[in-house]
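# Report on the structure
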Amino acid sequence: MAQELIRHNVLSLDFWQDTVTYAGSVMPTGTIGCAVLNIPDETIARLDAPCMILNQLLTGIGLKNVDMQLLPKAQEAGQTIIHALHNVPPFSRLDRKRFEEFLMQAFSEEAFTELNEYLQLPMEQQAVSNITGAHPLAALLVRVIPVLGHLSYSLRQYKKTMTAFAEFLQENAEIRTPAGYAAAFGQFFKENATLEESNPSWMALTNATVQYVPAIRPGNAEAQLVKRMHFVSFVGMFRADLFEGLCVGHAPRKCAVCGKWFLTTDARHTKYCSGYAPNDKRGRTCRQVGKLPAEHDLYTEQAVLIGNRTHPAGFFCDVTDGLKSDAVSFSLGGLKDTAFFTDDSVIGILNLNQCQTVAMQIGCQFDPASGRRGAQTGFQRIFQQIRENQT
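Residues numbered from 1 in each chain as written. Predicted model: local features only at pLDDT ≥ 70, side-chain atom pairs only at ≥ 80, totals over all residues. Heavy atoms only, no water.

## A look at the overall build of the chain
Put simply, the rule reads: Put simply, DSSP marks the helices as runs of H or I at least four residues long and the strands as runs of E at least two long, and each gets a number from the N terminus on. Accessible area is worked out with a 1.4 Å probe on protein chains only. A residue is then buried under 20% of its type maximum, exposed over 50%, and partly exposed in between. Contacts: residue pairs with any heavy atoms within 4.5 Å of one another.
From N to C terminus, the chain includes 13 helices and eleven strands. Going through the 391 residues of the chain one by one, you find that 43% of them count as buried. Sequence separation of 24 or more characterises 58% of the internal contacts of the chain that already satisfy a separation of 6 or more.

In structure tokens form, the structure reads like this:
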């Protein structure tokens, strides 16, 4: 039976308009390439040891004799890689169970035996075997071992170069459109690629086979003609996704709150991602925290509320600049440390040290300064008026 030329698997992407389908999920093009920028260096470092073991298999393939004693170590190395990456985007999109079964089939005694048989064949017979599918497990190992053996090194190189490119893009793409990205891309990646450490332009190349197929995308009933790209490595696939994203106006940007990279899909200069803000006790997203105004309007932002006899009010936790949110996390209704106002006179306010309330009678109408003020400025205005009414 003839060998299937290309199988749609974990190293394939379907591109359609401004979306990409990977591992059964549809997302904006550039999503998985952007996600790799956030893989911690410590995670990549944990891949070094298992990848080194798999590289010994590559040496055996080159010598046309794979040591069977490496089989248990190869099986353990495969499991270590899966465990290290199973919850790390974009690898977390893969079906872990299916991937484990795939590696169990590849790193088996039967596969290793077949691989050694295959390696002893003359080049012409190996080519015939590739066409006829006479040694399917050997063909599987020949594809899998380089992909996993080079993974830690290639991920490290990707992060180094593409993070530098993403930062360059954020600083130099004045217009966040395909045309603006193309101009910045041309400045960073030179047209003539070389394999020099100082020239990252080789990263603009990718080894892929392009296939056009009608495919039913997840969530759709009818087939669409998609561009299916098959890759020989994870990193080649990630680069292609990131660059295809730039072609449709999608680009990575670093969140100003958490520092992680996220994908923008329009020309707006979005500053914040939609992930949860670190150390925010209220569970808000970076976008919610980032959009809090730097200056608070004492009337509309509820930095300080002034009430009357029937509508008591107090300080709110919306006051975030210069104050600890947990120290002022109370609201209307007489909760802890609420400052009440009666007869249009302030009789209690929260001290700036956030430790106690100050009970003082101010025999006049409180008059906050006009215009927008920071919360701390508003408090200073309150205390200034207290001093003025005490003299």
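Okay, back to it.
## Re the sheet that holds strand β2 (residues 19-22)
Short version of the rule: Strand pairing is defined by DSSP finding a minimum of two bridges between the two strands. Comment: axis = line fitted to C-alpha atoms, over the contacting stretch for helices; angle = value between 0 and 180 degrees taken between N-to-C directions.
Read across the sheet, five strands follow the order β3-β2-β1-β5-β4 without closing on themselves; strand pairing throughout is antiparallel. Every other strand in the sheet has two partners, leaving β3 (25-28) and β4 (208-215) as the edge strands with one partner each. If you compare each strand with its neighbour and ignore which way they point, the axes differ by 30 degrees on average. Strand direction decides the pairing type here: β2 and β3, joined by four bridges, are antiparallel. If you follow tyrosine 22 over to β3, its bridge partner there is serine 25.

## Quick word on the packing of helix α9 (residues 151-172) against helix α10 (residues 178-188)
Quick note on the threshold: Here is the rule for angles: anything less than 35 degrees is roughly parallel, anything more than 145 is roughly antiparallel, 65 through 115 is roughly perpendicular, and the remaining ranges are oblique. Crossings are sorted by hand: turned counterclockwise from the far helix by less than a right angle, the near helix makes the crossing left-handed, and turned clockwise it makes it right-handed. Here the term charged refers only to Asp, Glu, Lys and Arg, the term nonpolar to Ala, Val, Leu, Ile, Met, Phe, Trp, Tyr, Cys and Pro, and the term polar to all other amino acids, Gly among them.
It is the contact of α9 with α10, at a shortest axis distance of 10 Å, that shows an interaxial angle of 130 degrees. With respect to α10, the element α9 is oriented oblique. Between α9 and α10 the crossing geometry is right-handed. Facing Thr161, Ala164, Phe165, Phe168 and Leu169 of α9, the residues of α10 in contact are Tyr181, Ala184, Phe185, Gln187 and Phe188. By residue class, the composition of the contact of α9 with α10 is eight nonpolar, two polar and no charged.

## Quick look at the pattern of salt bridges
Side chains carrying opposite charge are able to pair once their charged atoms draw close together. The criterion, for reference: When a carboxyl oxygen of Asp or Glu is within 4 Å of a side-chain nitrogen of Lys or Arg, the pair counts as a salt bridge.
Going through the model one piece at a time under the given rule, you end up with seven salt bridges. Lysine 159 serves as the salt-bridge partner of aspartate 41, at 3.0 Å between the closest nitrogen and oxygen. Linking aspartate 41 in helix α2 (residues 41-45) with lysine 159 in helix α9, this pair joins segments that are 118 residues apart in sequence. The salt bridge involving arginine 284 is made with aspartate 280; its shortest N-O contact spans 2.9 Å. In terms of burial, arginine 284 and aspartate 280 fall into one category: buried.

## Topic: the confidence of the model for the chain
Low-confidence regions, as indicated by low pLDDT, have predicted coordinates that should not be scrutinised in detail. Put simply, the test is: Residue-level confidence of the predictor is summarised by pLDDT, bounded by 0 at the bottom and 100 at the top.
Residues at a pLDDT of 70 or more form 72% of the chain, whose mean pLDDT is 77. The low-confidence segment residues 1-6 (pLDDT under 50) makes ten contacts with residues lying over four places distant or belonging to another chain. Counting contacts from residues 295-375, a segment whose pLDDT is below 50, to residues more than four positions away or on other chains yields 152 contacts.

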